[in-house]
Amino acid sequence: MKNRSLFIGIILGIIANFFGFLLARLILIGKFSVINLTNVINQSYDDGLLNKLISLGAFLNLLLFFFFIKKNKDSKAAGVLIATMIMALLTIYLNN
């Protein structure tokens, strides 16, 4: 059961980071198209903003992490932390 909660936390962390990415894109750039998500990601990459937007998207992971801590769901909180580390590694990779 603990491994399942950890996996759910990882998935929720990645989803939260993706929605945070889209929210950051909408706030900072203003252009957003739900129909062409691949175009949004490609345009962010071409503009050199993809790694920055992914980093800003991790803010939702922070909120999700503290929510799980408050609800005593430590395994899910650990999963969100792992997802945040994965996104940090992705950001480092995109910087190079």
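Above this note sits the structure.
In this report, the structure presented in the accompanying data block is examined.

About the thresholds
Residues numbered from 1 in each chain as written. Predicted model: local features only at pLDDT ≥ 70, side-chain atom pairs only at ≥ 80, totals over all residues. Heavy atoms only, no water. Helix = DSSP H or I, 4+ residues; strand = E, 2+ residues; numbered from the N terminus. Buried < 20%, exposed > 50% of the residue type's maximum accessible area, 1.4 Å probe, protein only. Contact = heavy atoms within 4.5 Å. Polar contact = N/O pair within 3.5 Å; in protein donor to acceptor, adjacent residues only side chain to side chain. Expected span 1.5 Å × (residues − 1).

**Brief notes about the overall build of the chain**
Summing up its helical and strand segments, the chain has five helices and zero strands in all. Counting from the amino terminus, the chain carries its helices and strands in the arrangement α-α-α-α-α. Relative to its full complement of 96 residues, the chain shows a buried share of 29%. When contacts within the chain are restricted to residue pairs at least 6 apart in sequence, those whose partners lie at least 24 apart make up 66%.

**Some thoughts on the environment of Asn51**
Here Asn51 lies in helix H3 (residues 50-57). Between the C-alpha atom of Asn51 and that of Leu94, which follows or precedes it by 43 residues, the distance is 6.2 Å. Once you skip the residues sitting within four places of it in the chain, Asn51 turns out to touch Thr91, Leu94 and Asn95. Side chain to side chain, Asn51 and Asn95 meet in a polar contact 2.3 Å long.

**Topic: helix H5 (residues 74-95)**
Spacing of three or four residues puts side chains on the same side of an α-helix, whose turn is 3.6 residues. The end-to-end C-alpha distance of H5 is 31 Å, a good match for the 32 Å that 22 residues give at a rise of 1.5 Å each. Here H5 has its buried residues at Ser75, Ala77, Gly79, Val80, Ala83, Met87 and Thr91. On its buried side, H5 packs onto helix H1 (2-28), H3 and helix H4 (59-70).

Purely spatial values, then, with no claim about function.
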